[in-house]
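Residue-level listing of the chains:
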Amino acid sequence: MILIDNFYNEKDWIAINKKIKNLEFIATHQPQSSPSIDNRLKGYPCYEAHDDELIVTLTKTLKEKTDLSISFVRSAIRKILAKELLQSPVGIEGSLHCDPNCEWAGVVYFDGVSIKGGTSLYFHHEQFEPDVIYAARPNRAILYKANTLHCANYDIAYKQRIIQTIFF
C-alpha cells in the first residue's frame, strides 16, 4: 500500500482540475461487466470520463513518485452523486471487490476531506471490518495490490465525489 499526498505537482493539479470541468461524463455503473444489473441505480451508479492527456500525466507522475514497474495504465475520472448512491442497494459503502486484469490499482481524490469518503481495504476475505481506511483528501493518491479486497466509501455530507481511478 502506498499513500502519496500532493500526488500531482501544482501545475498539473491545476490543469487537471480545469480539464475535469470540461470533460463529457457518461452515465454508467460499477461493475460494468455485471449482466444482472438492468438499471444503473441497482449497481454503484457513477459517471465516467476518459482522456488520453490525463493518462499521460498520470503515468508520468506514477513514474516520478513511485519505483513501481509500469508498463500500461488505465484510468478514468469518475463522478459519484450522493442522490443517486442513496437510491442504490450498494449504499454509501461500495461493494467489496478486487480489480482484475492488473497488478496495482488505486485512486486519486479530487474533493472532500473525510475518512468517510475514502477507501477501505480488507486483507482477509472472511472479515467484516476493514484493516485500513484511507481518508479522502484532494490530490491524495492511494495505491494497493489489485487483488486486495476493497470498497469505496462515501461521505453523504458531500453532494458528489470525484476521483481518478488507476489500474496498472
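Residues numbered from 1 in each chain as written. Predicted model: local features only at pLDDT ≥ 70, side-chain atom pairs only at ≥ 80, totals over all residues. Heavy atoms only, no water.

Chemist: I'd like a rundown of the packing of aromatic side chains, residues and numbers included.
Modeler: Applying the stated criterion across every chain yields a total of 3 aromatic pairs. Seen in terms of ring centroids, F7 and Y8 are 4.8 Å apart; in terms of plane orientation they differ by 70°. Their pairing is edge-to-face. Both residues of the pair, F7 and Y8, belong to the buried class. Relative to F168, the ring of W104 lies with its centre 6.4 Å away and its plane at 5°, an arrangement referred to as stacked. (Phe/Tyr/Trp six-rings, centres within 6.5 Å; stacked < 30°, edge-to-face > 60°. Buried < 20%, exposed > 50% of the residue type's maximum accessible area, 1.4 Å probe, protein only.)

Chemist: Please provide a residue-by-residue account of helix 2 (residues 52-65), values included.
Modeler: If you check helix 2, its first and last C-alpha atoms are 20 Å apart, about what 14 residues at 1.5 Å a residue would give, namely 20 Å. Buried within helix 2 we find L54, T57, L58, T59, T61 and L62. Contacts made by the buried residues of helix 2 are with helix 1 (10-22), strand 4 (74-81), strand 8 (141-145) and strand 10 (160-167). The N-terminus of helix 2 is capped by D51, whose side-chain oxygen sits 3.0 Å from the backbone nitrogen of E53. (Helix = DSSP H or I, 4+ residues; strand = E, 2+ residues; numbered from the N terminus. Expected span 1.5 Å × (residues − 1). Contact = heavy atoms within 4.5 Å. Polar contact = N/O pair within 3.5 Å; in protein donor to acceptor, adjacent residues only side chain to side chain.)

Chemist: Please give an account of the nonpolar core that cites residues and values.
Modeler: F7, L62, I77, V108, F110 and F168 are the most contacted members of the largest nonpolar core, which has 26 residues in total. Looking at this core, the elements that each hand over two or more residues are helix 1, strand 3 (44-49), helix 2, strand 4, strand 5 (104-109), strand 8 and strand 10. Setting aside residues up to four positions removed in sequence, I77 forms contacts with I20, L23, F25, Y47, E48, A49, L54, F110, I162, I163 and Q164. In this structure, C102, I142, A152 and F167 belong to the second largest nonpolar core, which totals 19 residues. (Core = buried A, V, L, I, M, F, W, Y, C linked by side-chain atoms within 4.5 Å.)

Chemist: Lay out the pattern of salt bridges in plain terms, naming residues and giving numbers.
Modeler: Inspection of every chain in the model, using the stated rule, returns 7 salt bridges. Of the charged contacts, one joins K19 and D51 as a salt bridge, the two residues approaching to 3.6 Å between their closest N and O atoms. Residue K19 is located in helix 1, and its partner D51 is located in the loop between strand 3 and helix 2; the two are separated by 32 residues in the primary sequence. Among the residues examined, K19 registers a relative accessible area of 23% and is labelled partly exposed. One salt bridge in this structure joins K19 and E53, with 3.5 Å as the shortest N-O distance. Within this pair, whereas K19 is found in helix 1, its partner E53 is found in helix 2, the two being separated by 34 residues in sequence. Put simply, K19, D51 and E53 are held in one network by salt bridges that share partners. (Salt bridge = Lys/Arg side-chain N within 4 Å of Asp/Glu carboxyl O.)

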